[in-house]
Amino acid sequence: SSGINAEYGEYSMERYDSIVIYKTAYYSFYLPVALAMHLAGRDSELELESARRILIRIGHYFQVQDDYLDCYGDPSVIGKVGTDIQERKCSWLFLTALKLVTDEDKEILFQNYGKEDEDSVSTVKDLYSKYELRQKYLEYSATTYESICQDIENNKSGLPTQIFQDFLDKIHKRSK
C-alpha cells in the first residue's frame, strides 16, 4: 500500500509543520515579540532571526501540545471538548499514528477518522492507545523542551535569554 489514503493525500508532517509555523508560531509567538523588539530598538537582523528561530520552535511545541490536549485534556480544565478527530484535523497525533500503524490498522484509522459518532472517535482513540501515542507525546515533549532550552542557552544574538525561557516554561507541561 502507498501508506496514505487518497482522502488524506495532503496529510504529511511537512504540511503539518507548515500549517503550524504560519498559523500558530508566527501569529502567537514570533510576531508579537518582533513588534516589541522593533519598538525597543532591538531589531537587528541577527536579533530578529535569533528570536524567530527560537519562537517558531516554541510555537510548534505549543501546537503539538494543543493537539495532544484536544484528545487527552480534561474538558473541565481546557474549557472545551476536543473535536480534532471528528473534524478530521491534520493533527500531530493522527500523523504520528499513521507512521506507526499496520496496514490493517491504517484502514481502520481511515474508516473512522473524521466521523462524528462516538464509536468512531473511540475506535481512533483505541488505536492511539494501542500505539502508545500518550507515551510518544511525552517523549516528544521532553526531548523538544530540552532541545529548545539548548537553543536558548546557545543563543549568541545578545538578546536576553530569560524572555524565551519564560515563554517556554509557561507552556511546558501545561494542561490547558
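Just so it is clear, the structure is predicted and the values come from calculations on it, not from any experiment.

So, the overall build of the protein
- Tallying secondary structure elements over the protein gives eight helices and zero strands in all.
- The principal-axis extents of the C-alpha atoms in the protein amount to approximately 55 × 35 × 25 Å.
- When the 176 residues of the protein are sorted by exposure, 45% land in the buried category.
- Contacts in the protein between residues far apart in sequence, at least 24 positions, make up 74% of those at least 6 positions apart.
- Put simply, the protein shows about 9,700 Å² of open surface, and 52% of that area lies on carbon and sulfur atoms.
- Each charge class in the protein was averaged separately, 21 positive and 30 negative side chains, and the resulting centres sit 3 Å apart.

Structural notes on the environment of Lys-23
- Among the structural elements, Lys-23 can be located in helix 1 (residues 13-40).
- Relative accessible area serves as the criterion here: at 52%, Lys-23 is assigned to the exposed category.
- The spacing of Lys-23 and Gln-63 is 40 residues in sequence and 9.5 Å in space, taken between C-alpha atoms.

Rules used throughout
- Residues numbered from 1 in each chain as written.
- Predicted model: local features only at pLDDT ≥ 70, side-chain atom pairs only at ≥ 80, totals over all residues.
- Heavy atoms only, no water.
- Helix = DSSP H or I, 4+ residues; strand = E, 2+ residues; numbered from the N terminus.
- Buried < 20%, exposed > 50% of the residue type's maximum accessible area, 1.4 Å probe, protein only.
- Contact = heavy atoms within 4.5 Å.
- Areas by Shrake-Rupley, 256 points an atom, 1.4 Å probe, with all protein chains shown as cover.
- Lys, Arg positive; Asp, Glu negative; His and termini not counted.
- Charge placed at Lys NZ, Arg CZ, Asp CG, Glu CD.

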